[in-house]
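# Structural description and commentary
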Amino acid sequence: QVQLVESGGGLVQAGGSLRLSCAASGRTFSTQVMGWFRQAPGKEREFVATITWSGGNRYYSTSVKGRFTISTDNAKNTVYLQMNRLKPEDTAVYYCAARRAPGGIYYWENDYDYWGQGTQVTVSS
């Protein structure tokens, strides 16, 4: 099993920045791909970004590309999501997810095997 714990959410004004962290523990060696998803009130959960533990295969949704950056720190088994130029429409619960092999680019939630509990991000206008 793999456990994922997100942190770093909060309230920020539009135009501001936040950095989310996702700490992985357990059988992390069994995972190859990490992803961030988000779910706004009344909406379905949507893909945000993905990366492999080696730092490759970075891929972003159109809505966040150029503003958000996903990265990994293998020594800490942690994945980050740096969010800049935040907009009110970025308000959502942000979830970290992990996928076992094989590696690649995956943006459907059914492709991921493990999920965190989520962290709330609220962007005020």
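Structure first, text after, so check above.
Attention here is on the structure that accompanies the text. Quick caveat, the model's predicted, so the values are computed rather than measured.

The rules we used
- Residues numbered from 1 in each chain as written.
- Predicted model: local features only at pLDDT ≥ 70, side-chain atom pairs only at ≥ 80, totals over all residues.
- Heavy atoms only, no water.
- Salt bridge = Lys/Arg side-chain N within 4 Å of Asp/Glu carboxyl O.
- Helix = DSSP H or I, 4+ residues; strand = E, 2+ residues; numbered from the N terminus.
- Buried < 20%, exposed > 50% of the residue type's maximum accessible area, 1.4 Å probe, protein only.
- Contact = heavy atoms within 4.5 Å.
- Phe/Tyr/Trp six-rings, centres within 6.5 Å; stacked < 30°, edge-to-face > 60°.
- Lys NZ or Arg CZ within 6 Å of the ring centre and 35° of its normal.
- Pairing = 2+ DSSP bridges.

### Focus on the pattern of salt bridges
Side chains that differ in sign of charge can pair as their charged atoms come close. Inspection of the entire model under this criterion finds 5 salt bridges. Here R45 and E109 are joined by a salt bridge, their closest N and O atoms 3.0 Å apart. With R45 in the loop between β4 (31-39) and β5 (46-52) and E109 in the loop between β9 (92-100) and β10 (114-115), the pair connects residues that are 64 residues apart, well separated along the chain. The class of E109 is partly exposed, set by a relative accessible area of 29%. In this structure, the salt-bridge partner of D90 is R67, at a minimum N-O distance of 2.8 Å. Placement of the pair is D90 in the loop between β8 (78-83) and β9 and R67 in the loop between β6 (59-60) and β7 (68-73), with a sequence separation of 23 residues. For the pair shown, D90 and R67 are each scored as buried. Three or more residues joined by partner-sharing salt bridges are found here, namely R38, E46, R67 and D90.

### Structural notes on unusual backbone geometry
Look at the link from A101 to P102: it is a cis peptide, with omega at 0°. Within the fold, P102 resides in the loop between β9 and β10. The phi dihedral of N77 falls on the positive side, at around 50°, and the residue is not glycine. Position of N77 among the secondary structure elements: in the loop between β7 and β8.

### Examining the environment of N77
A relative accessible area of 29% places N77 in the partly exposed class. Setting aside residues up to four positions removed in sequence, N77 forms contacts with C22, A23, A24, T28 and W53.

### Some thoughts on the packing of aromatic side chains
Applying the stated rule across the entire model yields 8 aromatic pairs. Grouped by ring-pair contacts, the aromatic residues F37, F47, Y59, Y107, W108, Y112 and W115 constitute a single cluster. Sitting above the plane of the Y95 ring, R45 keeps its charged end 4.7 Å from the centroid. Its end group placed over the ring of W115, R45 keeps NZ or CZ at 4.0 Å from the ring centre.

### Re the side chain of T50
Mapped onto the elements, T50 comes out in strand β5. Residues in contact with T50, not counting those within four places in the same chain, are V33, M34, G35, N57, R58, Y59, I70, I105, Y106 and Y112.

### Structural notes on the pairing of β4
With 7 of 9 residues buried, β4 is to be regarded as a mostly interior element. When β4 meets β9, the two strands line up antiparallel, connected through 8 bridges. Bridge assignment links F37 to a residue of β9, and that residue is Y95. Looking at chain direction, β4 and β5 are connected through 6 bridges and run antiparallel. Across the sheet, W36 pairs through a bridge with A49, a residue of β5. A loop of 6 residues connects β4 with β5, the two strands running antiparallel in sequence, and G42 in this loop sits at a positive phi of about 75°.

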